[in-house]
Structures are given as C-alpha cells and as structure tokens.
Amino acid sequence: MKAAQIAGAGWLARLRRIVIPIQSGPLATGILLPFISGIKGISLFVILATPATDVLTTYSLRLIDYNYQQAANAVVLMIALISWAGTVMIQKITGTGLADALEN
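Residues numbered from 1 in each chain as written. Predicted model: local features only at pLDDT ≥ 70, side-chain atom pairs only at ≥ 80, totals over all residues. Heavy atoms only, no water.

## Things to note about unusual backbone geometry
The criterion, for reference: For the purposes of this entry, the term helix denotes a DSSP run of H or I that reaches at least four residues, the term strand denotes a run of E that reaches at least two, and both are numbered from the N terminus.
Phi is positive for Asn67, close to 65 degrees, though the residue is something other than glycine. Tracing the backbone through its elements, the reader meets Asn67 in the loop between helix H4 (56–65) and helix H5 (69–94).

Written out as structure tokens, the structure is:
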C-alpha cells in the first residue's frame, strides 16, 4: 500500500487494485453470511405478519390453509430461488464464493 502511494497511485486506485482484491474473500463472507441468516430467519415474518402484510411466506401459509398444496409449494420454490439467485449474484459481483472465503 505504501509502495503504491510512493509510486503516485491515488487513493481510489490503491483501493481498487490492492485493498479490494485482498479483501474480496472476507467481503463475500461478510455479505453472504448475513444474507443466508436473513433467509433462514424469514419465518420471523410469519410471526410478525399482520393481515395487511403479504409476503411470500405468509402467502404460502395462506395457500396451505386453503388446501392449495401445489401452489404453496410453488411459492416456497420461489423463495428458494430468490435466495439462491441472491447468493449467486453476490458471488459473481465479488468474484468469490463462500467456500473460497472460508478457506483463507
């Protein structure tokens, strides 16, 4: 970092070329772990939901109450796909994966 500063690299260039590549693994972990925890804790919406609140988890439970099992399964599949797509998107943006970050 100091060598880049002496060579005349600006603050943004040092951040982009040195700090971010070194910290990409921990950055991916720092983003993915709370995201995964949030997806796991999504059932909390069921507890806090009011009749006016319509999130996918409460919608799937309402479908089960009306005995629409296949539709409820489709909604749960949508929740799983959203969480998977979010994880993949973060991995593509950072260029790493959760396993890569945990190895270091």
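## Description of the side chain of Ser60
Note the cut-off: Relative accessibility decides the category of a residue: with a 1.4 Å probe and only protein chains considered, values under 20% of the type maximum give buried, values over 50% give exposed, and everything between is partly exposed. We call two residues contacting when some pair of their heavy atoms lies within 4.5 Å.
If you trace the backbone, Ser60 turns up in helix H4. On the basis of relative accessible area, Ser60 is assigned to the buried category, the value being 7%. Ser60 has contacts with Ala72, Val75 and Val76, leaving out every residue within four places of it along the chain.

## Overview of H5
The criterion, for reference: Given the number of residues in a helix, its expected span is that number minus one, multiplied by 1.5 Å.
The terminal C-alpha atoms of H5 lie 38 Å apart, and with 26 residues this matches the ideal 38 Å at 1.5 Å per residue to within 8%. Turning to H5, its buried residues number three or more, namely Ala72, Val75, Ile79, Ser83, Gly86, Thr87, Ile90 and Thr94. Here the buried face of H5 lies against helix H2 (11–40) and H4. Within two residues after H5, Gly95 carries a phi angle of roughly 80 degrees, on the positive side.

## A word on the confidence of the model for the chain
We count it as follows: pLDDT is defined as a per-residue confidence score from the predictor, taking values between 0 and 100.
Chain-level pLDDT for the chain is 80 on average; 83% of the residues reach the 70-or-more range. Confidence scores differ between elements of the chain, with helix H6 (residues 98–103) showing the lowest mean pLDDT of 59 and H5 the highest of 89.

## Points about the packing of H2 against H5
A packed helix pair is summarised by two numbers, namely the angle formed by the two axes and the spacing between the axes. Stated formally: Helix axes are fitted to C-alpha atoms over the stretch in contact, other axes to C-alpha atoms as well, and angles between N-to-C directions run from 0 to 180 degrees. With respect to orientation, any angle under 35 degrees is reported as roughly parallel, any angle over 145 as roughly antiparallel, any angle of 65 to 115 as roughly perpendicular, and every other angle as oblique. Residue polarity is assigned by list, with Asp, Glu, Lys and Arg as charged and Ala, Val, Leu, Ile, Met, Phe, Trp, Tyr, Cys and Pro as nonpolar; anything else, Gly included, falls into the polar class.
Packing of H2 against H5 leaves a shortest axis separation of 10 Å and a crossing angle of 170 degrees. Taken together, the axes of H2 and H5 lie roughly antiparallel to each other. Between H2 and H5, the contacting residues are Ser24, Leu27, Ala28, Ile31, Leu32, Phe35 and Ile39 on the first element and Ile82, Ser83, Gly86, Thr87, Ile90, Gln91 and Thr94 on the second. Of the residues assigned to the contact of H2 with H5, the class counts are eight nonpolar, six polar and no charged.

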